[in-house]
Amino acid sequence: RSVIDSLVHACTRLGLRFATQAVTDWTPVDKVSQFIVGAAGSGRDLAPYLNVVRPPGIRIEHVLDALGDVVPLREVTYTEFWTMLGKVAEQDADRQLAGLLSVLPDPRGQALAEPLSGLFSDAGALFSAKQAACLADDLGIFWSGADEAPPRCYLRPGVGRVIGR
């Protein structure tokens, strides 16, 4: 699983969130597959490569805002979040929580201006996705907004309950 998936899973399991300015690209795999099938069948002479990423990047805080509309999340400091994650990961067989704990920076004894600095990047800011975005528009493929896609992938279909809670 990706770090963003593990982070959203942890926030859901703990019922906690923290402030962050980190930005990532959240490119839904179903949209990428639609793009690949559509591009392959388009009959167009395409560039040798296309960067298929959802433009622009999404602030992780916006993902957590959207998730908070579905499941209650209490705002805590990053240190409090990290500490609770450690406690739950130690008591629980959820390997995804332990995996996330192993990559998140340890805040003890440090003042972290941005705790997620270096863990995420906005691929759309690093690579041009203009050709892919134009082709996606032509194919009728539209990326979901930050408030639409992420929370849905953490809900049990048709139940409205959050997975892992």
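Data block above holds the structure.
Fair warning: this is a prediction, and the values are worked out from it, not measured in the lab.

> Before we move on, can you summarise the side chain of R17 with the specific residues and values?
Checked against the element boundaries, R17 lands in strand β1 (residues 16-17). Polar side-chain contacts of R17 include one of 2.7 Å to the side chain of D65. Leave out the neighbours within four places in its chain, and R17 touches C11, E61, L64, D65, L73, R74, E75 and V76.

> Before we move on, can you summarise the pattern of salt bridges with the specific residues and values?
A full pass over the atoms with the stated rule returns six salt bridges. Two residues, R44 and D138, come together in a salt bridge whose shortest N-O distance is 3.0 Å. A residue pair is termed long-range when its members are at least 10 positions apart, and R44 in the loop between α2 (29-40) and β3 (58-59) and D138 in helix α7 (residues 130-139) qualify at 94 residues. Between R108 and D106 there is a salt bridge whose closest N-O contact spans 2.5 Å.

> Outline the packing of α2 against α7, supporting the account with residue identities and numerical values.
Packing of α2 against α7 leaves a shortest axis separation of 10 Å and a crossing angle of 80 degrees. In terms of their interaxial angle, α2 and α7 are classed as roughly perpendicular. Residues F35, G38 and A39 of α2 touch α7, and the partners they reach there are A132, L135, A136 and L139. Broken down by class, the residue content of the contact of α2 with α7 amounts to six nonpolar, one polar and no charged.

> Got a sec to walk through the packing of aromatic side chains? Specific residues and values, please.
The full count for this structure, using the stated rule, is two aromatic pairs. The interplanar angle of 75 degrees and the centroid separation of 5.1 Å between the aromatic rings of F18 and Y78 together place this pair among those described as edge-to-face. Remark: Y78 occurs in helix α4 (residues 78-91) and F18 occurs in the loop between β1 and β2 (23-24); sequence separation between them is 60 residues. Looking at F18, the relative accessible area reads 0%, which means it is buried. For Y78, a relative accessible area of 8% translates into the label buried. With 4.9 Å between their ring centres and 55 degrees between their planes, F18 and F81 make a pair best called tilted. Pair noted here: F18 is in the loop between β1 and β2 and F81 is in helix α4, with a separation of 63 residues, a long-range link. Ring pairing ties together the aromatic residues F18, Y78 and F81, which thus form one cluster.

Parameters at a glance
- Residues numbered from 1 in each chain as written.
- Predicted model: local features only at pLDDT ≥ 70, side-chain atom pairs only at ≥ 80, totals over all residues.
- Heavy atoms only, no water.
- Helix = DSSP H or I, 4+ residues; strand = E, 2+ residues; numbered from the N terminus.
- Polar contact = N/O pair within 3.5 Å; in protein donor to acceptor, adjacent residues only side chain to side chain.
- Contact = heavy atoms within 4.5 Å.
- Salt bridge = Lys/Arg side-chain N within 4 Å of Asp/Glu carboxyl O.
- Axes fitted to C-alpha atoms, helices over the stretch in contact; angles between N-to-C directions.
- Parallel < 35°, antiparallel > 145°, perpendicular 65-115°, else oblique.
- Nonpolar A, V, L, I, M, F, W, Y, C, P; charged D, E, K, R; others polar.
- Phe/Tyr/Trp six-rings, centres within 6.5 Å; stacked < 30°, edge-to-face > 60°.
- Buried < 20%, exposed > 50% of the residue type's maximum accessible area, 1.4 Å probe, protein only.

Honestly, it's all geometry; don't read function into it.
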